[in-house]
Amino acid sequence: VQLQASGGGLVQAGGSLRLSCATSGGTFSRYSMGWFRQAPGKEREFVAAISWSGQSTYYADSVKGRFTISRDNAKNTVYLQMNSLKPEDTAVYYCAAAPYLSGTGVYAASRYPYWGSGTQVTVSS
């Protein structure tokens, strides 16, 4: 499975961005999808995930209520709508895929075998 993230950029605090992650080479509907981010000098951290069925979504406490993850199985794409952005959201954002992952496993980067290249999100104050 190949993943390609896009949609990052520079935005002022309070603004919005929508990240996209297009996939190819696999059956998209079989994969739970996650977004992770990594800021300079920090470890990669979980942001959000959505189950293969789309029925379950998961969020880090730091983004709950501001970010929304969704998927379009017809387009083999997962999205991350980011609103009310803060300077601390600045990071490289990565999308990841794992077959039929659910429950607490979605929070762990090690559970995702497929990763895309990152997209930079910079939020200015």
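The preceding data block contains the structure.
Not measured: the values here are computed from a predicted model. (Residues numbered from 1 in each chain as written. Predicted model: local features only at pLDDT ≥ 70, side-chain atom pairs only at ≥ 80, totals over all residues. Heavy atoms only, no water.)

*Asks:* Residues and numbers for the packing of aromatic side chains, please.
*Replies:* What the rule picks out here adds up to eight aromatic pairs. Note on F46 and Y107: the rings are 4.8 Å apart at their centroids and 65 degrees apart in plane angle, and the pair reads as edge-to-face. Of this pair, F46 sits in strand β5 (residues 45-50) while Y107 sits in the loop between β9 (91-99) and β10 (114-115), and the two are 61 residues apart along the sequence. Note on W52 and Y100: the rings are 5.3 Å apart at their centroids and 85 degrees apart in plane angle, and the pair reads as edge-to-face. Highlighted residues: W52 in the loop between β5 and β6 (57-59) and Y100 in the loop between β9 and β10, separated in sequence by 48 residues. Three or more aromatic residues link up through ring pairs in this structure, and these residues are F36, F46, Y58, Y107, Y112 and W115. Stacked on the ring of W115, the Lys or Arg R44 has its end atom at 4.8 Å from the ring centre. A cation sits over an aromatic face here: R71 above F28, 4.3 Å from the ring centre. (Phe/Tyr/Trp six-rings, centres within 6.5 Å; stacked < 30°, edge-to-face > 60°. Helix = DSSP H or I, 4+ residues; strand = E, 2+ residues; numbered from the N terminus. Lys NZ or Arg CZ within 6 Å of the ring centre and 35° of its normal.)

*Asks:* So what about the state of the cysteines? Which residues, and what values?
*Replies:* Here the structure, examined in full by the defined rule, presents one disulfide. Across the disulfide from C21 sits C95; the S-S distance is 2.1 Å. Taking the sign of the S-S torsion, about 65 degrees here, the bridge from C21 to C95 comes out right-handed. Here C21, found in strand β3 (residues 17-24), pairs with C95, found in strand β9; they are 74 residues apart in sequence, far enough to count as distant. Judged by relative accessible area, C95 falls into the buried class, the value being 0%. (Disulfide = S-S within 2.5 Å. Buried < 20%, exposed > 50% of the residue type's maximum accessible area, 1.4 Å probe, protein only.)

*Asks:* Mind laying out the nonpolar core, listing which residues take part and the relevant values?
*Replies:* The biggest cluster of nonpolar side chains holds 38 residues, and the ones touching the most others in it are M33, W35, L80, M82 and Y93. With six residues, β9 is the single largest residue contributor to this core. (Core = buried A, V, L, I, M, F, W, Y, C linked by side-chain atoms within 4.5 Å.)

*Asks:* With reference to specific residues and values, describe the environment of G8.
*Replies:* Among the structural elements, G8 can be located in the loop between β1 (2-6) and β2 (9-12). Expressed as a C-alpha distance, the spacing of G8 and P99, which sit 91 residues apart in the sequence, is 26 Å. In this view, G8 contacts L17, L19, T119, Q120 and V121; residues no more than four positions away in its chain are not counted. (Contact = heavy atoms within 4.5 Å.)

*Asks:* An account of the side chain of S51 is needed here, citing residue identities and associated values.
*Replies:* In this fold, S51 is placed in the loop between β5 and β6. Those residues within four positions of S51 in sequence are excluded, and the remaining contacts are S32, S56 and R71.

*Asks:* Let's hear about the pattern of salt bridges: which residues, and what values?
*Replies:* For the coordinates displayed, the defined rule picks out four salt bridges. The closest approach of N and O atoms between R37 and D89, which form a salt bridge, is 2.9 Å. With a gap of 52 residues between them, R37 in strand β4 (residues 31-38) and D89 in the loop between β8 (77-82) and β9 connect regions that are remote in the sequence. For R37, a relative accessible area of 6% corresponds to the buried category. Via salt bridges that share partners, R37, E45, R66 and D89 belong to a single interconnected network. (Salt bridge = Lys/Arg side-chain N within 4 Å of Asp/Glu carboxyl O.)

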